[in-house]
Amino acid sequence: MQEKQSIHGTWASRWIFILAATGSAVGLGNIWKFPYITGENGGGAFVLMYLVCILLVGVPIMMAEVFIGRRARKSPINAITELAQEANKSTKWSILGLMGMLAGVMIFSFYSVVAGWVLHYIALMGSGEFVGASSDKAGEIFNGLLGDPKTMLLWHTVFAIMTVVVVIGGVNKGLERATRILMPALFVLLVILLGYSATTDGFAEGFDFMFHFDASELSWDAVLIALGHSFFTLSLGMGTIMAYGAYMPKKASIGSTVITIAVLDTVVALIAGLAIFPIIFANNMDPGAGPGLMFVSLPVAFGQMPGGQIFGFMFFLLVGVAAWTSAISLLEPTVAYLVEKLKWSRVKASIILGVIVWAIGISCLLAFNEWSEFKLFGKNMFDLLDYATANIMLPLGGILTALFAGWVVSKKVSLEETAISENLHTVWMFTVRFVAPIAVSIVFVLNLK
Ligand code: PFF
C-alpha cells in the first residue's frame with residue numbers, strides 16, 4: 001500500500017525528525033527559563049519533580065502526539081478529527097487542536113520578546129560591552145533594556161520576521177540543515193561554559209543547589225510549575241509535536257525516538273543550570289532573580305573569562321538559534337491548519353499569523369515599562385501569557401491528548417502506530433489512561449486556591 005503523505009512535506013529521515021523535534025524542544029525553555037524557575041523554586045527538590053514529570057508524563061504524551069500526527073498526516077485539528085472518526089467517536093475532541101493553536105499564539109508572543117533580548121545581547125556581546133563588567137553593571141544594562149520599549153520592539157520585530165520567513169519557506173529545507181549543524185554547536189558551547197563554571201568558586205554550591213533534595217522546599221505551586229515546564233520544554237500539549245509527527249517518514253519505533261528527544265532536551269537544561277548557578281553563587285548574586293537570571297549572570301562570566309567576548313557572542317548567537325527553531329514550531333501547526341482548512345497559500349497564512357503574534361507581542365514588551373501598571377489576575381501581560389500557557393493550557397492539552405490516545409483511539413491502532421513491544425505498550429497505555437491524567441488533575445486541583 002502506498003504510504004500516506006502530508007501535503008506539507010516529509011522529513012528526509014527519522015533522524016531529521018528527531019533533530020527537528022529536538023530543535024523545537026530545545027529553546028529558551030531550557031537555557032533561560034529552566035534555570036530561573038529552578039532558582040525561584042528552591043533548587044534540588046524542584047529539579048527532581050521536573051525529571052519525574054518528564055519521564056512519567058512527558059514521554060508517554062509525546063509518543064501519543066507523534067503517532068496521532070503520523071497516522072493522519074494532517075495538522076492537529078484535522079488529525080484528531082480523523083482519528084476520532086476512525087474510532088466512531090465524537091469529533092469534538094478536535095477542540096484540543098484549537099486550544100493548542102491558541103496556546104501557540106500566546107507563547108509566541110512572549111517568546112519572541114525574550115528572543116529579541118537574546119538578539120540584542122548578541123550585539124552587546126560582540127561589541128565587548130561586558131568585558132570586565134561587574135554584576136551591578138550587567139544588572140544595569142539588563143534593566144536599561146527592559147525600560148527601553150523601542151529597542152525591545154526592534155528586536156522583537158526582527159525575530160518575528162526571521163521566524164515567519166522560515167515558516168513561509170516550509171520547514172524541511174534550510175531549517176533541517178541549520179538544525180543539524182547548530183544544535184551540536186550549541187551543545188559544545190554549553191559544555192565549554194560548564195567547564196568554565198566548574199572552575200569557579202561557586203561550582204560546589206551551584207551543584208548542591210541543583211541536586212540537593214530537600215523535601216521542605218517543595219510546595220504544590222512548585223510542583224505545578226515543574227509539571228507545566230515539562231510540557232513547555234518538550235513542546236507538548238499544543239500540537240507542535242503532533243504537527244511534526246505528520247511529516248515523519250516511516251513507521252519507526254516511536255519509543256526510542258521520543259526518548260532520544262526527551263534526553264537531549266533534559267541534558268541541555270541541566271547543563272544550562274550547572275553553567276549558570278555556580279556563576280551566580282561565585283558572584284553573590286540571587287538565584288531567585290527571575291527572568292533576568294541568564295541575562296545578568298552569564299555576561300558577567302563571559303566578561304571575566306579569557307576570550308569571553310567571542311564565546312559570549314557565540315553563546316547568545318546559539319541561544320538565538322535554539323529560540324528560532326522553537327519559534328518556528330510554535331507557528332507551524334496553525335499555518336498547516338490554515339493551509340489545509342482555508343486553502344490559503346503558506347505565504348498568506350504565515351504572514352497573517354505573523355502579524356497577529358507580533359502585535360500581541362508588543363503588549364508583552366510594554367509590560368516591562370509603559371504598561372507595567374496594567375494587571376489581569378494580578379499579573380502583567382508577559383507573566384499572564386507565560387503562566388496561562390505553561391501552567392494551565394499545556395497541561396490541560398496534555399491530559400486531553402493522553403485521554404484521547406488512551407481511551408478514544410483503539411488499542412489496535414496505538415499498538416500498530418507506536419510500533420513498540422506489546423509489554424511496553426501495556427505500560428504506555430496504563431500511563432496515558434491513568435497515571436498522566438490523574439497526576440495532572442491532582443496537581444491542578446491542589447493548586448486551586
Ligand atoms: N520547547 C520550547 C522551549 O523549551 O523553549 C518552547 C516551545 C516550543 C513550547 C514549541 C511549545 C511549543 F509548541
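See above for the structure.
Scoring rules and cut-offs
Residues numbered from 1 in each chain as written. Predicted model: local features only at pLDDT ≥ 70, side-chain atom pairs only at ≥ 80, totals over all residues. Heavy atoms only, no water. Near = heavy atom within 4 Å. Polar contact = N/O pair within 3.5 Å; in protein donor to acceptor, adjacent residues only side chain to side chain. Areas by Shrake-Rupley, 256 points an atom, 1.4 Å probe, with all protein chains shown as cover. Helix = DSSP H or I, 4+ residues; strand = E, 2+ residues; numbered from the N terminus. Nonpolar A, V, L, I, M, F, W, Y, C, P; charged D, E, K, R; others polar. Phe/Tyr/Trp six-rings, centres within 6.5 Å; stacked < 30°, edge-to-face > 60°. Buried < 20%, exposed > 50% of the residue type's maximum accessible area, 1.4 Å probe, protein only.

> What is the right way to read the site of the ligand from this model?
Taken together, 15 residues sit near the ligand, with Gly29, Tyr111, Phe232, Met238 and Thr240 positioned nearest. The backbone of Ser24 places a nitrogen or oxygen atom 3.2 Å from a nitrogen atom of the ligand. One of the side-chain N or O atoms of Asn30 is found 3.4 Å from an oxygen atom in the ligand. If the ligand stood free it would expose 340 Å²; the protein chains cover 100% of that surface. When residues of the shell around the ligand are traced back to their parent elements, those giving at least two are helix 1 (14-25), helix 2 (28-40), helix 10 (220-233) and helix 14 (308-342). A per-class count over the shell around the ligand returns six nonpolar, nine polar and no charged.

> Honestly, the packing of aromatic side chains in this entry has me stumped. Any pointers?
Geometrically, a pair of aromatic rings is defined through the distance of the ring centres and the angle of the planes. Tallying each qualifying case throughout the model produces 29 aromatic pairs. Residues Trp117 and Phe295 carry aromatic rings whose centres are separated by 5.3 Å and whose planes lie at 80 degrees to one another, so their mutual orientation is edge-to-face. In this pair, Trp117 is assigned in helix 5 (residues 95-126) and Phe295 in helix 13 (residues 293-304), connecting sequence segments 178 residues apart. Side by side, Trp117 and Phe295 carry an identical accessibility label, which is buried. Here the aromatic rings of Tyr121 and Phe316 are separated by 5.4 Å at their centres, their planes lie at 40 degrees, and the arrangement is tilted. One end of the pair, Tyr121, is in helix 5; the other, Phe316, is in helix 14, and 195 residues separate them in sequence.

> Explanation requested: unusual backbone geometry in the structure shown.
Glycine aside, residues mostly have negative phi angles, and peptide bonds mostly take the trans form. For Arg73, which is not glycine, the phi torsion reads 55 degrees and is therefore positive. Along the chain, Arg73 falls in the loop between helix 3 (44-72) and helix 4 (76-86). A positive phi angle, close to 60 degrees, is found at Lys343, a residue other than glycine. Looking at where Lys343 falls in the secondary structure, it is placed in the loop between helix 14 and helix 15 (346-366). On the accessibility criterion, Lys343 (68% relative accessible area) is exposed.

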